[in-house]
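Understanding the architecture of this molecule
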Amino acid sequence: MVGLVPYASLDSNNPLSVAIKATPFGLWLSIIMNLGGIAGLTTVGMMVMLSQTRIFYAMANDGLLPKIFARIHRRWITPWIATLICGIFCAFFSGFCPVDILGETTSI
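An account of the accompanying structure is given in this report. Within each chain, residues carry numbers counting from 1 in the order of the written sequence. Reporting in this predicted model follows two pLDDT cut-offs: at least 70 for local features of residues, and 80 or more for side-chain atom pairs to be given and counted; totals over whole chains, interfaces and linings ignore these cut-offs and use all residues. Values shown for side chains rest on all heavy atoms present in the structure; no hydrogens or waters enter the calculation.

A closer look at the overall build of the protein
Helix and strand labels come from DSSP, where a helix needs a run of H or I of at least four residues and a strand needs a run of E of at least two; each type is numbered from the N terminus. Across its full length, the protein carries four helices and zero strands. Walking the protein from its N terminus toward its C terminus, one meets helices and strands in the order α-α-α-α. A radius of gyration in this sense is built from C-alpha atoms; the matching globule rule multiplies 2.2 Å by the number of residues raised to 0.38. Against the globule reference of 13 Å for 108 residues, the protein gives a C-alpha radius of gyration of 20 Å, more extended than a compact globule. For the protein, the spread of C-alpha atoms along the three principal axes comes to 55 × 25 × 25 Å. Exposed residues in this analysis have more than 50% of their type's maximum accessible area, buried residues have under 20%, and partly exposed residues fall in between, with area computed by a 1.4 Å probe over protein chains only. Looking at the 108 residues of the protein, the share that counts as buried comes to 15%. Contacts between residues were defined by any pair of non-hydrogen atoms, one from each residue, lying within 4.5 Å. Summarising the internal contacts of the protein: among those between residues at least 6 apart in sequence, 24% fall at separations of at least 24. In summary, the charge assignment counts Lys and Arg as positive and Asp and Glu as negative, without counting His or the chain termini. Here the site of a charge means atom NZ of a Lys, CZ of an Arg, CG of an Asp or CD of a Glu. Across the protein, the 6 positively charged side chains and the 4 negatively charged ones have centroids separated by 26 Å.

Details of the side chain of S30
Tracing the backbone through its elements, the reader meets S30 in helix α2 (residues 26-61). Polar contact criterion, stated in full: a pair of N or O atoms within 3.5 Å, where within protein one must be able to donate a hydrogen and the other to accept it, and residues adjacent in sequence count only if both atoms are side-chain atoms. Separated by 3.2 Å, the side chain of S30 and the backbone oxygen of L27 make a polar contact. Setting aside residues no more than four positions away along its own chain, S30 makes contact with S17, I20, K21 and F25.

This is the structure:
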């Protein structure tokens, strides 16, 4: 990236996009890269939420959380109350926190 643009111009939130904009493919390739970043953050957030519901389920079965987290849906055979709680929690924080904080928390 340093060979494409001066080093000082890479001091931004999206240095890869800045470097790609300096190439002849800058317009459409930077859009694809930004969409890929958004898709990556979205899928990481969804996988963290899915795994957190399974962790809550296991903890409830072990007696570390209330038994309501271990309730299984009859049709889909998933821990549905834990999924609802995690979904509401994630929706609340994604609605009120800035995107940079959400990006840092999904990259931890």
